[in-house]
Amino acid sequence: MQAGSPLNALKRQLESQAKGYGRLDCPICNGVGILFDPHFAAHQGAYRLCKCVEEQSLCDGNPPYDYYDEEKNAIVPCPTKPARMALKRIQHLERHSGIPERYRGRLIDSIDVSGKSSTNVLIALDHAVHTIYSAGRGEVRGLYLYGPTGAGKTLLSCVILNELIRLYQVEAHYAKISRDIIGKLRDTFNPQSEAYGEGRRIEQKLGRYPALVIDDFGVQRESPWVNSVLYDLIDTRYENNLLTILTSNEPMDSWKDISDGRVLSRLREMCLEIHMEAEDYRLRESKSLR
Ligand SMILES: Nc1ncnc2c1ncn2[C@@H]1O[C@H](COP(=O)(O)OP(=O)(O)OP(=O)(O)O)[C@@H](O)[C@H]1O
Ligand SMILES: [Mg+2]
Ligand SMILES: [Zn+2]
């Protein structure tokens, strides 16, 4: 990433607004102090402290992150203790976030803005940055990202979750409609399934995450049951005033005839609709491999 690029400007804006643990003039983390290292932890990737924090460490990196101060003749907290506690919380939140492996640890700078649709990607990214920043301050305005396959909707929505976890330690969660919502709820009717009878609990959890991505949100024209499940979920999140990010291949308007337009009217209030009109990145990647 070039220093003066628009992406770098967005990254700086996002990182310097968060209350971090690093050095404000650190060119790597812009003061956040915590980053995702794809080569860490046997190359599975993991969050870790930035060098600018490690440099100040006076403890051995193990809890309770204290050290012996000779002058005071006492055990005192290491200057890196708050960062290390935050790191632990971030690792815990990410483990329980439901974010798919492919999108793990993808932060703002993992988005490629070099393609033909770079302007559209940058506009969407700008909205995403604003959403993260506002959510970190307790404002709730979600996004409805719609566009063709491969445009980067799931990636962008996971970047938002990852950054909310890293910068603000928000309990942010990912759910794919078919697998994590409808599939799970169907299982609750099956006596053979572990989830049997758990429908209410699953719905309550989804209705309570402070930030939730609902991926592949689409009208299920064939099934009134599914539409009513989705209506209930949207309605609960609307009533609880919680951040909801939806991705879809169809515009928000496709909901106008469902549940007498009650889904659409809530979506309009909860989310800003963004058209992600970008070329299929999957095709682009497979072409460049040839
Ligand atoms: N701007 C981008 N920079 C880097 N990688 C990208 C970008 N856009 C998409 N990708 C990558 O391309 C693949 C497809 O992106 P993604 O899964 O976000 O598409 P999508 O819009 O959700 O598509 P679908 O509608 O099929 O679910 C992913 O591996 C993603 O990481
Ligand atoms: Mg997707
Ligand atoms: Zn740093």
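Residues numbered from 1 in each chain as written. Chains lettered and ligands numbered in written order. Predicted model: local features only at pLDDT ≥ 70, side-chain atom pairs only at ≥ 80, totals over all residues.

Engineer: Explain the site of ligand 1 here, please?
Structural biologist: As a structural note, the neighbourhood of ligand 1 is formed by 15 residues, with D112, T149, G152, T154 and Y281 the closest of them. Of all the elements in the fold, those that place two or more residues in the shell around ligand 1 are α6 (153-168) and α11 (281-289). In terms of residue count, the dominant contributor to the shell around ligand 1 is α6 (three residues). Of the residues assigned to the shell around ligand 1, the class counts are five nonpolar, six polar and four charged. (Near = placed C-beta within 6 Å. Helix = DSSP H or I, 4+ residues; strand = E, 2+ residues; numbered from the N terminus. Nonpolar A, V, L, I, M, F, W, Y, C, P; charged D, E, K, R; others polar.)

Engineer: Would you take a moment to explain the environment of R102 for this structure?
Structural biologist: On the secondary structure map, R102 appears in the loop between α4 (81-95) and α5 (118-136). Along the primary structure R102 and P77 are separated by 25 residues, whereas in three dimensions their C-alpha atoms are 37 Å apart.

Engineer: Got a minute to help me understand the packing of helix α1 (residues 6-17) against α5 in this structure?
Structural biologist: Helix packing geometry: the angle between the two helix axes and the distance between the axes. Packing of α1 against α5 leaves a shortest axis separation of 10 Å and a crossing angle of 5°. Comparing the axis directions of α1 and α5 gives the class roughly parallel. Packed against α1, whose contacting residues are P6, L10, Q13, L14 and Q17, the element α5 presents L122, L125, D126, V129, I132 and Y133 at the interface. Residues of the contact of α1 with α5, tallied by class, amount to eight nonpolar, two polar and one charged. (Axes fitted to C-alpha atoms, helices over the stretch in contact; angles between N-to-C directions. Parallel < 35°, antiparallel > 145°, perpendicular 65-115°, else oblique. Contact = placed C-beta atoms within 7 Å.)

That is the geometry; function is a separate question.
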